[in-house]
Amino acid sequence: MKILDWLNSNAGLLSLLATLTAIIVPCIIYRKQRRDENQAIKDELDVMNKVNQFSMSSDERELFTRKFFLEKRLKRK
């Protein structure tokens, strides 16, 4: 019965902690996802920078179009 009394007397505090957790944890997850996404974009750009820029074929043009898009997206973040 002591446990139930303690839970009953501290119900407001426990509710507050649950609410704060419900707000903070998704924010932390969102930040980590953004960081991982930015790292993936940087890695892809690093690979693209190793490709020779001269004598472009249509595939290489698509690659540089994608590179431009990724650089623009990375600067926005």
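Further up the page is the structure itself.
All of the points below concern the structure found in this document. These figures come from a predicted structure and were not determined experimentally.

### Points about the overall build of the protein chain
And then number 1: Of regular secondary structure, the protein chain possesses three helices and zero strands.
And then number 2: Along the protein chain, helices and strands appear, N-terminal first, in the series α-α-α.
And then number 3: The buried share of the protein chain, reckoned over its 77 residues, is 9%.
And then number 4: When contacts within the protein chain are restricted to residue pairs at least 6 apart in sequence, those whose partners lie at least 24 apart make up 45%.
And then number 5: With an accessible surface of roughly 6,800 Å², the protein chain has 61% of that area assigned to carbon and sulfur atoms.

### A closer look at the pattern of salt bridges
Should their charged atoms come close, side chains of opposite charge can pair.
And then number 1: According to the stated counting rule, one finds three salt bridges in the structure shown.
And then number 2: The salt bridge involving Arg73 is made with Glu37; its shortest N-O contact spans 2.4 Å. Residue Arg73 is found in helix 3 (residues 58–76), and its partner Glu37 is found in helix 2 (residues 11–49); the two are separated by 36 residues along the sequence.
And then number 3: We classify Arg73 as partly exposed; its relative accessible area is 28%.
And then number 4: Judged by relative accessible area, which is 29%, Glu37 ranks as partly exposed.
And then number 5: One salt bridge in this structure joins Glu44 and Arg66, with 3.2 Å as the shortest N-O distance. Placement of Glu44 in helix 2 and of Arg66 in helix 3 is noted, with a sequence separation of 22 residues between them.
And then number 6: A relative accessible area of 29% means that Glu44 is categorised as partly exposed.

Thresholds applied
- Residues numbered from 1 in each chain as written.
- Predicted model: local features only at pLDDT ≥ 70, side-chain atom pairs only at ≥ 80, totals over all residues.
- Heavy atoms only, no water.
- Helix = DSSP H or I, 4+ residues; strand = E, 2+ residues; numbered from the N terminus.
- Buried < 20%, exposed > 50% of the residue type's maximum accessible area, 1.4 Å probe, protein only.
- Contact = heavy atoms within 4.5 Å.
- Areas by Shrake-Rupley, 256 points an atom, 1.4 Å probe, with all protein chains shown as cover.
- Salt bridge = Lys/Arg side-chain N within 4 Å of Asp/Glu carboxyl O.

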